[in-house]
Amino acid sequence: MAGHQKEKAVPDEVHQNQILRELYLKELRTQKLNTQYHVNPLRRVHTITRKPMSWHDNVEEPADVRFLNLIHHAAQGPRKKYPETQTESQEIGWDSEPLVNPDRSDRRLNHFKVYNDITLYSAKLWSLGESSVRK
(Lines give C-alpha, C1' and ligand atoms only; values in the text may rest on other atoms or scores of the structure.)
Protein backbone atom coordinates (compact mmCIF):
# COMPACT_ATOMS: atom_id res chain seq x y z
CA MET A 1 0.00 0.00 0.00
CA ALA A 2 1.17 3.49 -0.77
CA GLY A 3 0.29 4.80 2.63
CA HIS A 4 -2.77 6.00 4.39
CA GLN A 5 -4.09 9.43 3.51
CA LYS A 6 -5.47 11.54 6.28
CA GLU A 7 -8.99 12.70 5.95
CA LYS A 8 -9.22 16.42 5.22
CA ALA A 9 -10.90 18.46 7.86
CA VAL A 10 -13.80 20.43 6.44
CA PRO A 11 -13.00 24.13 6.99
CA ASP A 12 -15.60 26.00 8.88
CA GLU A 13 -17.32 29.11 7.48
CA VAL A 14 -14.96 31.59 9.19
CA HIS A 15 -11.87 29.85 7.82
CA GLN A 16 -13.39 29.68 4.31
CA ASN A 17 -14.24 33.40 4.49
CA GLN A 18 -10.64 34.22 5.48
CA ILE A 19 -9.29 32.25 2.50
CA LEU A 20 -11.64 34.06 0.09
CA ARG A 21 -10.71 37.45 1.62
CA GLU A 22 -6.96 36.77 1.14
CA LEU A 23 -7.61 35.66 -2.45
CA TYR A 24 -9.63 38.82 -3.14
CA LEU A 25 -6.93 41.11 -1.68
CA LYS A 26 -4.24 39.33 -3.69
CA GLU A 27 -6.22 39.86 -6.91
CA LEU A 28 -6.70 43.56 -6.10
CA ARG A 29 -2.93 44.00 -5.59
CA THR A 30 -2.09 42.52 -8.98
CA GLN A 31 -4.77 44.24 -11.06
CA LYS A 32 -3.92 47.36 -13.04
CA LEU A 33 -6.46 49.50 -14.83
CA ASN A 34 -5.17 50.80 -18.16
CA THR A 35 -6.78 54.02 -19.31
CA GLN A 36 -4.22 55.25 -21.84
CA TYR A 37 -3.90 53.26 -25.05
CA HIS A 38 -1.42 53.63 -27.91
CA VAL A 39 -0.22 51.83 -31.02
CA ASN A 40 2.51 49.24 -30.62
CA PRO A 41 5.51 50.83 -32.42
CA LEU A 42 7.16 47.44 -32.97
CA ARG A 43 4.35 46.07 -35.12
CA ARG A 44 3.71 46.92 -38.74
CA VAL A 45 0.55 48.80 -39.52
CA HIS A 46 -1.47 47.19 -42.29
CA THR A 47 -3.17 49.72 -44.47
CA ILE A 48 -6.49 48.93 -46.04
CA THR A 49 -7.51 50.66 -49.24
CA ARG A 50 -10.45 52.99 -48.94
CA LYS A 51 -13.61 52.99 -51.00
CA PRO A 52 -13.36 55.73 -53.62
CA MET A 53 -16.93 56.98 -53.38
CA SER A 54 -17.25 56.91 -49.59
CA TRP A 55 -17.93 60.37 -48.13
CA HIS A 56 -16.50 59.71 -44.66
CA ASP A 57 -13.14 58.57 -46.06
CA ASN A 58 -12.74 61.79 -48.03
CA VAL A 59 -13.13 64.06 -44.99
CA GLU A 60 -9.83 65.69 -44.03
CA GLU A 61 -8.79 64.95 -40.46
CA PRO A 62 -6.26 66.96 -38.49
CA ALA A 63 -2.91 65.25 -37.99
CA ASP A 64 -2.22 63.96 -34.51
CA VAL A 65 1.22 65.36 -33.65
CA ARG A 66 1.79 63.04 -30.69
CA PHE A 67 1.00 59.95 -32.77
CA LEU A 68 3.29 61.10 -35.61
CA ASN A 69 6.13 61.73 -33.16
CA LEU A 70 5.63 58.26 -31.69
CA ILE A 71 5.75 56.61 -35.12
CA HIS A 72 8.84 58.60 -36.19
CA HIS A 73 10.57 57.75 -32.91
CA ALA A 74 9.84 54.04 -33.40
CA ALA A 75 11.26 54.13 -36.94
CA GLN A 76 14.62 55.53 -35.80
CA GLY A 77 17.65 53.34 -35.22
CA PRO A 78 18.78 52.44 -31.70
CA ARG A 79 21.75 54.86 -31.76
CA LYS A 80 19.39 57.80 -32.36
CA LYS A 81 16.83 56.65 -29.79
CA TYR A 82 19.04 55.87 -26.82
CA PRO A 83 22.20 57.50 -25.47
CA GLU A 84 23.61 54.13 -24.32
CA THR A 85 23.18 50.48 -25.30
CA GLN A 86 20.05 48.70 -24.10
CA THR A 87 21.26 45.12 -24.63
CA GLU A 88 24.65 43.41 -24.60
CA SER A 89 24.44 42.63 -28.31
CA GLN A 90 24.16 46.35 -29.09
CA GLU A 91 27.55 46.97 -27.44
CA ILE A 92 29.28 45.48 -30.47
CA GLY A 93 29.72 48.31 -32.95
CA TRP A 94 28.00 50.97 -30.80
CA ASP A 95 31.08 53.23 -30.85
CA SER A 96 32.11 52.90 -34.47
CA GLU A 97 34.36 55.96 -34.75
CA PRO A 98 38.05 55.25 -34.05
CA LEU A 99 39.49 56.31 -30.70
CA VAL A 100 42.68 57.67 -32.28
CA ASN A 101 42.79 59.49 -35.60
CA PRO A 102 44.92 57.28 -37.89
CA ASP A 103 48.02 59.02 -39.22
CA ARG A 104 48.77 57.54 -42.66
CA SER A 105 52.21 59.14 -42.87
CA ASP A 106 53.53 57.22 -39.83
CA ARG A 107 55.79 54.48 -41.27
CA ARG A 108 55.85 52.52 -38.00
CA LEU A 109 52.19 51.51 -38.30
CA ASN A 110 51.46 51.66 -42.04
CA HIS A 111 53.32 49.20 -44.28
CA PHE A 112 52.16 49.91 -47.80
CA LYS A 113 53.23 47.90 -50.86
CA VAL A 114 56.27 49.45 -52.47
CA TYR A 115 57.03 48.50 -56.05
CA ASN A 116 60.60 48.44 -57.37
CA ASP A 117 61.52 47.58 -60.94
CA ILE A 118 61.68 43.83 -60.39
CA THR A 119 58.57 43.64 -58.20
CA LEU A 120 56.61 45.73 -60.69
CA TYR A 121 57.64 43.35 -63.47
CA SER A 122 56.55 40.29 -61.40
CA ALA A 123 53.23 41.91 -60.49
CA LYS A 124 52.48 42.55 -64.15
CA LEU A 125 53.27 38.93 -64.98
CA TRP A 126 51.00 37.67 -62.23
CA SER A 127 48.17 39.94 -63.31
CA LEU A 128 48.44 38.44 -66.81
CA GLY A 129 48.11 34.95 -65.33
CA GLU A 130 51.66 33.77 -65.86
CA SER A 131 53.19 32.26 -62.72
CA SER A 132 56.74 32.10 -64.09
CA VAL A 133 58.72 33.31 -67.06
CA ARG A 134 59.65 29.78 -68.22
CA LYS A 135 57.03 27.25 -69.25
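Residues numbered from 1 in each chain as written. Predicted model: local features only at pLDDT ≥ 70, side-chain atom pairs only at ≥ 80, totals over all residues. Heavy atoms only, no water.

1. A closer look at the overall build of the protein
- Summing up its helical and strand segments, the protein has four helices and zero strands in all.
- The buried share of the protein, reckoned over its 135 residues, is 4%.
- About 14,900 Å² of surface is accessible on the protein, with carbon and sulfur atoms providing 55% of the total. (Helix = DSSP H or I, 4+ residues; strand = E, 2+ residues; numbered from the N terminus. Buried < 20%, exposed > 50% of the residue type's maximum accessible area, 1.4 Å probe, protein only. Areas by Shrake-Rupley, 256 points an atom, 1.4 Å probe, with all protein chains shown as cover.)

2. Considerations on the pattern of salt bridges
- In total, this model carries one salt bridge according to the counting rule given.
- Between aspartate 106 and arginine 108 there is a salt bridge, with its nearest N and O atoms 3.1 Å apart.
- A relative accessible area of 17% places aspartate 106 in the buried class.
- According to the relative accessible area criterion, arginine 108 is exposed, its value standing at 69%. (Salt bridge = Lys/Arg side-chain N within 4 Å of Asp/Glu carboxyl O.)

3. Some details on the side chain of asparagine 110
- Inspection of the secondary structure assignment puts asparagine 110 in the loop between helix H3 (78-81) and helix H4 (117-128).
- By relative accessible area, asparagine 110 is classed as buried at 15%.
- One polar contact links the side chain of asparagine 110 to the main-chain carbonyl oxygen of arginine 104, over a distance of 3.3 Å.
- Asparagine 110 has contacts with Asp103, Arg104 and Ser105, leaving out every residue within four places of it along the chain. (Polar contact = N/O pair within 3.5 Å; in protein donor to acceptor, adjacent residues only side chain to side chain. Contact = heavy atoms within 4.5 Å.)

4. Looking at a nonpolar patch on the surface
- A contiguous nonpolar surface patch, about 430 Å² in accessible area, is contributed by Val39, Val45, Phe67, Leu68, Leu70 and Ile71.
- Here leucine 68 lies in helix H2 (residues 65-75).
- By relative accessible area, which is 37% here, leucine 68 ends up partly exposed. (Patch = residues over 30% accessible without salt bridge, like charges linked within 9 Å, V, L, I, M, F, W, Y side chains within 5 Å.)

Without other data, these values stay purely geometric and don't point to any function.
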